[in-house]
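# Report on the structure
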Amino acid sequence: DALAASGRVSALAVRRSFSALGYLGTGAGAVALLFAEGRFATTVCVTFASAMQACHNAGFKSSYGDLSREYSGLLRGLGNTLGTASSFAVPLVAASLLEAGGGSSSPAGWRAVFLSVLACSIIGTVLFAALVSTEDIDARLRGDKDKDAKKEK
């Protein structure tokens, strides 16, 4: 928020940039695991991917507050529900990719899993960048058109 408040970039640009870092950094960390040899290198790749997920705090997680001061809790709850619901499907998809690739001991199976993480990251980046908004919806919900102060840049 300090970056957006400085006036150098819009809040929308900050949200897009940090979400892209979060998504693509996670995908890059997953793909790097394909080339990791040994425990240390594997740990570095997983740590990098996890660290990149922290960028989401300045990206999509902050968007709830941008959209609505009055309903940000409700929006966050809906978003978290959708995110949690997807976590039920992910292990099933990973298991089917591993099975199709020759099992959990097969490098081909893990390659499919890690590349699917990158693919999902790219899709998430594109969709978020296209659909994100920082326009405050509270005024519209109240029917107060004059107080719709935040405009997208």
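Calculation notes
- Residues numbered from 1 in each chain as written.
- Predicted model: local features only at pLDDT ≥ 70, side-chain atom pairs only at ≥ 80, totals over all residues.
- Heavy atoms only, no water.
- Axes fitted to C-alpha atoms, helices over the stretch in contact; angles between N-to-C directions.
- Helix = DSSP H or I, 4+ residues; strand = E, 2+ residues; numbered from the N terminus.
- Left-handed = near helix turned anticlockwise from the far one by under 90°.
- Contact = heavy atoms within 4.5 Å.
- Parallel < 35°, antiparallel > 145°, perpendicular 65-115°, else oblique.
- Nonpolar A, V, L, I, M, F, W, Y, C, P; charged D, E, K, R; others polar.
- Buried < 20%, exposed > 50% of the residue type's maximum accessible area, 1.4 Å probe, protein only.
- Arc of directions from axis to C-beta.

What follows covers the packing of helix 4 (residues 60–67) against helix 5 (residues 72–100). Closest axis-to-axis distance for the helix 4/helix 5 pair is 8 Å, and the angle between their directions is 145 degrees. With respect to the hand of their crossing, helix 4 and helix 5 are arranged in right-handed fashion. Of helix 5, the residues touching helix 4 (which contributes Lys-61, Tyr-64, Gly-65 and Leu-67) are Ser-72, Leu-75, Arg-76, Gly-79 and Asn-80.

Between helix 2 (residues 11–32) and helix 4, the shortest axis-to-axis distance is 9 Å and the interhelical angle comes to 155 degrees. For the element pair helix 2 / helix 4, the angle class is roughly antiparallel. Here Arg-15, Ser-19 and Tyr-23 of helix 2 lie close against helix 4, whose contacting residues are Phe-60, Ser-62, Ser-63 and Asp-66. Taken together, the residues that form the contact of helix 2 with helix 4 break down as 2 nonpolar, 3 polar and 2 charged.

Bringing the environment of Leu-12 into the picture now. Note that Leu-12 resides in helix 2. For Leu-12 and Val-132, which are 120 residues apart along the polypeptide, the C-alpha to C-alpha distance reads 7.6 Å.

The subject of this paragraph is helix 4. Within the span of helix 4, buried status applies to Ser-63, Tyr-64 and Asp-66. The buried residues of helix 4 occupy an angular sector of 165 degrees when the element is viewed end-on, so they sit on one face.

The topology assignment puts Ile-137 in the loop between helix 6 (107–131) and helix 7 (138–142). Judged by relative accessible area, which is 25%, Ile-137 ranks as partly exposed. Sequence-wise, Ile-137 and Leu-67 are 70 residues apart; in three dimensions their C-alpha atoms are separated by 5.7 Å.

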